[in-house]
Amino acid sequence: MKLQRNGRTKALAIGAVALVSSLSLAACGSDNNSTASSGGSSAPAASITCASKQAGLLGAGSTAQGNAIDVWKNAFGSACSGSTITYNGVGSGAGVQQFNQGKVAFAGSDFALKASDIDASKQVCTGGGQAIDLPMVAGLVSIVYNVQGVSHLVLDGPTTAKIFDSQITKWNDPAIAALNPGVNLPDAQIQTFHRSDDSGTTYNLTSYFAKTSGGAWSYPANKTWAGKGGQSASGSAGVSAQIKQVPNSIGYVELSYAQINNLQSASISTGASKPVDPTAANAATTLANSTVIGTGNDLALQLDYGTKAENAYPIVLVTYEIACDKGNKPDTLDTLKSFLNYTASDSGQQAIASKGYVPMPSAISDKVKAEIGQLS
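What comes next is a walk through the structure. Note that the structure is predicted; figures quoted are calculated from it, not measured.

### With respect to the environment of Pro186
Within the secondary structure, Pro186 is located in the loop between helix 6 (174–179) and strand 9 (191–195). Assessed through its relative accessible area of 22%, Pro186 is described here as partly exposed. Note: C-alpha distance between Pro186 and Lys170 (16 residues apart in sequence) is 8.1 Å. With residues up to four places along the chain from it excluded, the contact list for Pro186 reads Val147, Val150, Trp171, Asn172 and Asn248.

This is the structure in structure tokens:
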């Protein structure tokens, strides 16, 4: 994710092997915290320290992280009966807007804050504070499709960009056929679906197009959809529902929504020796090369959408929690820190691994935990 910011770029020394290994983190940390069940028999026990001053907590934003938030808030609510987490999945753009209007204690976003967002946050983050990006969990964007008789589909950057910009309109187009030898592609119109709301998932997909389409995608990376044609749906859930219902359709959602809805996901030809499947382990390979480019307390990451490394899935995303570094509301600060400490913990990260998310490597999560401890 390329963001124009001043300041040094801090490279993360993350080995791909170590990152893939993080997918099997121990269920509980070694902290002497009160321990509570996450509320589901398949979820690991959660080490959660409740706030001394418990309060209800409002959040809003990214739908891509919605399934993770559901797991987290259930576990946290079970452990801390005086704290209720309410999260409204309105999309990343709307979530950041609500945060900067002082309506929520934290926002969820699939793209890092822009300079204008940070400036606006200074009106609600009192005492000289401002909003910061806390990368909380990673995932990947699945290109999901519903084409009868096609159980395995390979796409690449230029072809996918042309499909979503209505430059390729038939499933048996020569460009698609060339990537899928031996596959019986139907002579059918392609129905594309994109997000109607400002979306970090859209931002990450169009960042991939901007990097890999060879000019086929003529628009800048953006959270607002700009491609020609297609139909829109609200949120990842809305896009998933349309793909499931509409024959010969294609769209893009976070991996967890593809899994929950049993949708087919395309493999991506990147220039590696073979197409890369959309799996958490393959996304982890890409995340191994991420770098922190935020300045000060901000932990915005840069991702390599154009990777050609073996087993590196290129369309990755990082979900951030947005909070004030200083000037958070006093009545919810303790609960905010308690909740974020849990979500960043080993048990919190492992709890969402089975939902299609990629736990953050320790080189990043350790930085996140340190920043949470400094929130005021």
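### As for helix 2 (residues 66–79)
The end-to-end C-alpha separation of helix 2 is 20 Å, in line with the 20 Å expected for 14 residues at 1.5 Å each. Among all positions of helix 2, only Gly66, Asn67, Ala68, Ile69, Val71, Trp72, Ala75 and Phe76 are buried.

### Examining the environment of Leu301
Structurally, the position occupied by Leu301 is in strand 15 (residues 301–302). Since its relative accessible area comes to 1%, Leu301 is described here as buried. Along the chain, Leu301 and Pro135 lie 166 residues apart, while their C-alpha atoms are 7.8 Å from each other.

### A word on the nonpolar core
Core analysis: the largest hydrophobic core is formed by 94 residues, its most contacted members being Trp72, Ile143, Leu153, Trp171 and Ile250. Counting residues per element, this core draws most heavily on strand 7 (residues 131–146), at ten residues. Val144, Val239, Ala258 and Leu263 belong to the second-largest nonpolar core, a separate cluster that totals nine residues.

Rules used throughout
Here, residues in each chain are numbered from 1, in the same order as that chain's written sequence. Where local features are concerned, this predicted model is filtered to residues with pLDDT of at least 70; where side-chain atom pairs are given and counted, the filter is 80 or more; whole-chain, interface and lining totals use all residues. Side-chain descriptors were evaluated using all non-hydrogen atoms of the structure, hydrogens and water having been removed beforehand. Helix and strand definitions here come from DSSP, where helices need a minimum of 4 consecutive H or I residues and strands a minimum of 2 consecutive E residues; each element is numbered from the N-terminal end. For every residue, the accessible area (1.4 Å probe, protein chains only) is compared with the maximum for its type, and the residue is labelled buried under 20%, exposed over 50%, or partly exposed between those bounds. Two residues form a contact once any of their heavy atoms are found within 4.5 Å. Multiplying one less than the number of residues by 1.5 Å gives the expected span of a helix. Nine residue types can take part in a nonpolar core, namely buried Ala, Val, Leu, Ile, Met, Phe, Trp, Tyr and Cys, and a core is a set of them joined through side-chain atoms within 4.5 Å.

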